[in-house]
Amino acid sequence: MRGGIQICYPQFGDCGSLDQHGFARNKVWVIDENPPPLASNESFGRSFVDLLLKSSEEDLKQWPHSFEFRLRVSLAIDGDLTLISRVRNINGKPFSFSFAYHTYLSVSDISEVRVEGLETLDYLDNLSKRELLTEQGDAITFESEIDRTYLRSPKVVAVLDHERKRTYVIGKEGLPDTVVWNPWEKKSKTMTDFGDDEYKSMLCVDGAALERPITLKPGEEWTGKLMLTAVKSSFCFDQLELQSKGF
Ligand SMILES: O=P(O)(O)OC[C@H]1O[C@H](O)[C@H](O)[C@@H](O)[C@@H]1O
């Protein structure tokens, strides 16, 4: 599966016994025809759909933990997209999982893109057996394959696309980590569902909970929220303005 925002649950990557990124992204989710309403302060100019996933018999064979997963996808009139994942343990025993919103962003030219907000952070380099390193640059730019998990990253990260004069602002809650991935030329050629040159016009920046898996006791619920907005690049990476947008 390529593109969009994939739900990686209950496992991210290959860190576990399940298939890469867990089973949720390969499932048919059910629309909740009667979802709880949006809070009154959130409902103006906003549409939403609630998608539900429960463990099937087949899932329980590979991952024996019953859960209820409610994904609320809501779109505001100005184009802001919010995804809220709620996972509830309906099992008799605690369970743990990792999670990511594997978010494909369309960019004009990856060589002209920079990511701000992750500088000076520690990261696990997935290209080097998850070695723990520290980001040195002022911002992240791209000139080769990258596959990193930035640890304890801030609530807001910005992806600046200079050529398109557009900045993606990615806000997150309940998701301590951020994955940055671009397969670059060599790996793209090995991916059968990905064009050889498609790496030039994409970047994945994923809000995630990876370093410390989430543990839920019976009856407990976890919430992880992602907010994605595109603004003109004249936009200043300014916390006050972000706060006014609800980040
Ligand atoms: O090819 P997929 O299973 O969709 O995974 C695509 C990529 O997802 C994440 O970004 C991982 O960090 C990468 O290691 C992986 O290659």
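The sections below set out a description of the structure shown in this document. What you are looking at is a predicted structure, and each value in this text was computed from that prediction instead of being measured.

Calculation rules
Residues numbered from 1 in each chain as written. Predicted model: local features only at pLDDT ≥ 70, side-chain atom pairs only at ≥ 80, totals over all residues. Heavy atoms only, no water. Helix = DSSP H or I, 4+ residues; strand = E, 2+ residues; numbered from the N terminus. Contact = heavy atoms within 4.5 Å. Polar contact = N/O pair within 3.5 Å; in protein donor to acceptor, adjacent residues only side chain to side chain. Buried < 20%, exposed > 50% of the residue type's maximum accessible area, 1.4 Å probe, protein only. Phe/Tyr/Trp six-rings, centres within 6.5 Å; stacked < 30°, edge-to-face > 60°. Near = heavy atom within 4 Å. Areas by Shrake-Rupley, 256 points an atom, 1.4 Å probe, with all protein chains shown as cover. Nonpolar A, V, L, I, M, F, W, Y, C, P; charged D, E, K, R; others polar.

What to know about the environment of D32
For step 1, the next point in the chain: With respect to the helices and strands, D32 occurs in the loop between β2 (30-31) and β3 (46-54).
For step 2, the next point in the chain: For D32 and R72, which are 40 residues apart along the polypeptide, the C-alpha to C-alpha distance reads 9.8 Å.
For step 3, the next point in the chain: Leave out the neighbours within four places in its chain, and D32 touches D50, L52 and R70.
For step 4, the next point in the chain: At 2.9 Å, the side chain of D32 forms a polar contact with the backbone nitrogen of N34.
For step 5, the next point in the chain: Engagement of the side chain of D32 in a polar contact is seen with the side chain of R70, the distance being 2.8 Å.

Focus: unusual backbone geometry
For step 1, the next point in the chain: Of note, the bond from Y9 into P10 is cis; its omega dihedral lies within 30 degrees of zero at 0 degrees.
For step 2, the next point in the chain: In this fold, P10 is placed in the loop between β1 (5-8) and β2.
For step 3, the next point in the chain: One non-glycine residue, R130, lies in the positive phi region at around 60 degrees.
For step 4, the next point in the chain: Given a relative accessible area of 38%, R130 falls into the partly exposed group.
For step 5, the next point in the chain: Even without being glycine, K165 reaches a positive phi, approximately 55 degrees.
For step 6, the next point in the chain: Take K165: it is sitting in the loop between β12 (156-161) and β13 (166-173).
For step 7, the next point in the chain: Residue classification places K165 among the exposed positions, given a relative accessible area of 60%.

What about the side chain of S55?
For step 1, the next point in the chain: For S55, the location among the structural elements is in the loop between β3 and α1 (57-62).
For step 2, the next point in the chain: For S55, a relative accessible area of 18% translates into the label buried.
For step 3, the next point in the chain: Polar side-chain contacts of S55 include one of 3.2 Å to the backbone nitrogen of F67.
For step 4, the next point in the chain: Those residues in contact with S55 that sit more than four places away from it in its chain are L60, H65, S66 and F67.

Section: the packing of aromatic side chains
For step 1, the next point in the chain: Throughout the structure, instances matching the rule amount to 17 aromatic pairs.
For step 2, the next point in the chain: Ring centres 5.1 Å apart and planes at 85 degrees place the aromatic pair Y9 and F69 in the edge-to-face group. Of the two residues, Y9 is situated in the loop between β1 and β2 and F69 in strand β4 (residues 67-76); the sequence distance between them amounts to 60 residues.
For step 3, the next point in the chain: Take F69: its relative accessible area is 1%, and that puts it in the buried class.

Some details on the site of the ligand
For step 1, the next point in the chain: As a structural note, the neighbourhood of the ligand is formed by R2, F12, Q20, H21, R25, H102, D147, V179, W181 and K187.
For step 2, the next point in the chain: Within the side chain of H21, an N or O atom sits 3.0 Å from an oxygen atom of the ligand.
For step 3, the next point in the chain: Residue K187 places a side-chain N or O atom 3.2 Å away from an oxygen atom belonging to the ligand.
For step 4, the next point in the chain: Alone, the ligand offers 390 Å² of accessible surface; in the complex the protein occludes 87% of this.
For step 5, the next point in the chain: For the shell around the ligand, a count of residues per class yields three nonpolar, three polar and four charged.

Take it as geometry only, folks, not as evidence of what the structure does.
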